[in-house]
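Observations on the three-dimensional arrangement
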Amino acid sequence: MSESANPRALRQAGTVFAWVVAAFLIALVFLAGWVGVRGFLASQHLIDAQATATAVREDLTDPALASAAIADVAADTAAARALTSDPLWQVAEALPWAGPQLSAVSTVAAAVDDVAGSALAPLADVASGFDLAALRPQDGRIDLAPFTDIREAAATGAASIGGAAEAVAAIDRAPLIRPLREAVDEVGALLDETETATGALTRAATLLPAMLGADGPRSYLVLFQNNAEWRSLGGIPGATALVRTDGGAISLAEQASSSDFPRYDESVLPLGSDVEGIFSARPGRFIQNVTQIPDFAVSGALAREMWARERGGEQVDGVIAIDPVALSYLLAATGPVTLPTGDVITAENAVPLLLNEVYFRYEDPADQDAFFAAAAASVFSALTAGGTDPTALVDALTRAGDERRLLLWSAREDEQALLAGTSLAGPLPETDDDIARFGVYLNDGTGSKMDYYVSATPTLTWDSCVTGGSAASPTASGTATLTVTLTNNAPADAATSLPRYITGGGAFDVDPGIARTVGYVYLPEGFELQDATITGDVGFGGGTHDGRRVLSFAVDVAPGASATATVTVTAPEGSAPQLELVSTPTLVSPPDLVAVCEPA
């Protein structure tokens, strides 16, 4: 009997096993169907959300439209999140191969829903009542209420978007199929962009009311940089002005020329041996040289101290720098402005008028200074009178900031901390995990206004590189080359046809018509110098500035001639795959030079 029972038991066990397998397969099919249907529906909601977001992105000048569209986006992202977060979906995330795909989808859905629902929706509610016209001064005063109203929502939104960006960045791309991996990368890039934008809005909503005197009177020293005589951050501060703010009211309190500041026997503030080893003490001894050091936090502090010494100890709350090119952008918002001289200054003629023609018209520097002062006061009056186009004004300020033609330093540590890392702060070139930044900074060595005729053309390339790291955190190593070519476009007879004030008249041992340029090349932290050459083989100097290797050179260029400096470096293993160049803003917009090491 026992012998015949075994086959029967085995048959029963086989039947049970078959049922278990069948049940498992049925469950698997059900799970696959459930997940598949919900995944399809979720993808449709995300596609609809993307379409709505893309449509509203075309016209962000209408906050009310943006607010309504974000509500639609939030509804779609909430539905996608619900479809990808139920218990069965979570079970499926544990499956081999399919699991990472599903986990990535649910993470992205949750991230974009956090952004649409928790971040952008509250911000849009506040922004729906915001009018760009609030940025336009009325009778010399800006209404500060709209900025204080939007500040809290912007800060909350920035924090939420930052969390979403971190969640997407943490997704392991390696096991993902290519279309999904590309979609995750695209969402990650969009979240980074959005985080940057909301961060900028938060800073603006925090800084502007305070700077405009919401908590009491403020004063700011404005430096007008002259791009016809280069300095690292733009040009010499040839003219200055004191602007006061109080409760949103803005007034021009005083104007001065660089000639009103003396030559100090020693630097007004300590510069440090490393900085003096590269630039000497000149940036701290002459107001015209404070922007020679390519770090506006240093420039601002030096200018503030010089102003205090000449104004009975008055300590301004901050320092602002702007150049005539940025002024031309602002004139696109104000429209033409008539000067006391009868000249009409426009967006088109501001640069040649202020940086060149004035030196043909007025031989006496005092007359030149008077013209600059009249132009600055007239444009200031137009900006504060209330007739500006608000959209054009925002565009002008944004462009000037992006090109580093508008710089700001605050003497208040908490406000300066908010500015740090932005283009407005005018910092040294920063290298991070994603981007290795070079710097090329140009300074006039002629003691003249010859740089109106000089052009600078840089190039930046990977000569050879090898990629490494992961898809989420790529790295590179290899060699790269940076060049900068200087061309003197002055007429051949510049020595006699141009005014002495433009050519320098032979001062500083530079023959009239020659343009002498003193340049500083900053290498990214960790990069090693391989080779450096320059036309004429005049050699290089340099040193180290905040951990960055600096090469300095001086080169003379005759009318119609060019000179090129070439620097080749080695990028160590684990470097950022993208190279960028930060350079002096001249008469033309600084080139947006980027070189990316692509995987083989």
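In what follows, the structure referred to is the one given above.
Below you will find a few notes about this structure. Keep in mind it's a predicted model, so treat the numbers as computed, not measured.

**Thoughts on the side chain of threonine 384**
- Among the structural elements, threonine 384 can be located in helix 11 (residues 365–385).
- From its side chain, threonine 384 meets the backbone oxygen of phenylalanine 380 in a polar contact 3.0 Å long.
- Setting aside its immediate chain neighbours within four residues, threonine 384 contacts Pro137, Gln138, Asp139, Gly140 and Ile250.

**Overview of the nonpolar core**
- Grouped together as the largest cluster of nonpolar side chains are 77 residues, with contacts concentrated most on Ile345, Phe438, Trp462, Phe553 and Leu579.
- Each residue touching leucine 579, except ones within four places of it in the same chain, is listed here: Ala436, Phe438, Leu460, Trp462, Ala480, Phe527, Leu593, Val594 and Ala595.
- Ranked by size, the runner-up nonpolar core spans 31 residues in total, among them Leu242, Tyr264, Val316 and Val319.

**Quick word on the pairing of strand 13 (residues 541–545)**
- Of the pairings in the sheet, the one linking strand 13 to strand 14 (residues 548–557) comprises 5 bridges and is antiparallel in character. In the sheet register, threonine 544 faces strand 14, and the bridge partner there is arginine 549.

**Quick look at the sheet that holds strand 10 (residues 474–488)**
- Pairing is antiparallel across the open sheet formed by 4 strands, whose spatial order is 9-10-15-12. Looking at the sheet topology across the chains shown, the edges are occupied by strand 9 (454–469) and strand 12 (528–534). Across the sheet, the axes of successive neighbouring strands diverge by a mean angle of 10 degrees, strand direction being ignored.

**Let's talk about the state of the cysteines**
- This model, assessed by the stated rule, comprises 1 disulfide.
- Through a disulfide, cysteine 465 is tied to cysteine 597; the S-S separation comes to 2.2 Å. What sets the handedness of the cysteine 465 and cysteine 597 disulfide is the S-S torsion sign, and at about 105 degrees it is right-handed. Here cysteine 465, found in strand 9, pairs with cysteine 597, found in the segment after strand 17 (594–596); they are 132 residues apart in sequence, far enough to count as distant.
- For cysteine 597, a relative accessible area of 3% gives the class buried.

About the criteria used
- Residues numbered from 1 in each chain as written.
- Predicted model: local features only at pLDDT ≥ 70, side-chain atom pairs only at ≥ 80, totals over all residues.
- Heavy atoms only, no water.
- Helix = DSSP H or I, 4+ residues; strand = E, 2+ residues; numbered from the N terminus.
- Polar contact = N/O pair within 3.5 Å; in protein donor to acceptor, adjacent residues only side chain to side chain.
- Contact = heavy atoms within 4.5 Å.
- Core = buried A, V, L, I, M, F, W, Y, C linked by side-chain atoms within 4.5 Å.
- Buried < 20%, exposed > 50% of the residue type's maximum accessible area, 1.4 Å probe, protein only.
- Pairing = 2+ DSSP bridges.
- Axes fitted to C-alpha atoms, helices over the stretch in contact; angles between N-to-C directions.
- Disulfide = S-S within 2.5 Å.

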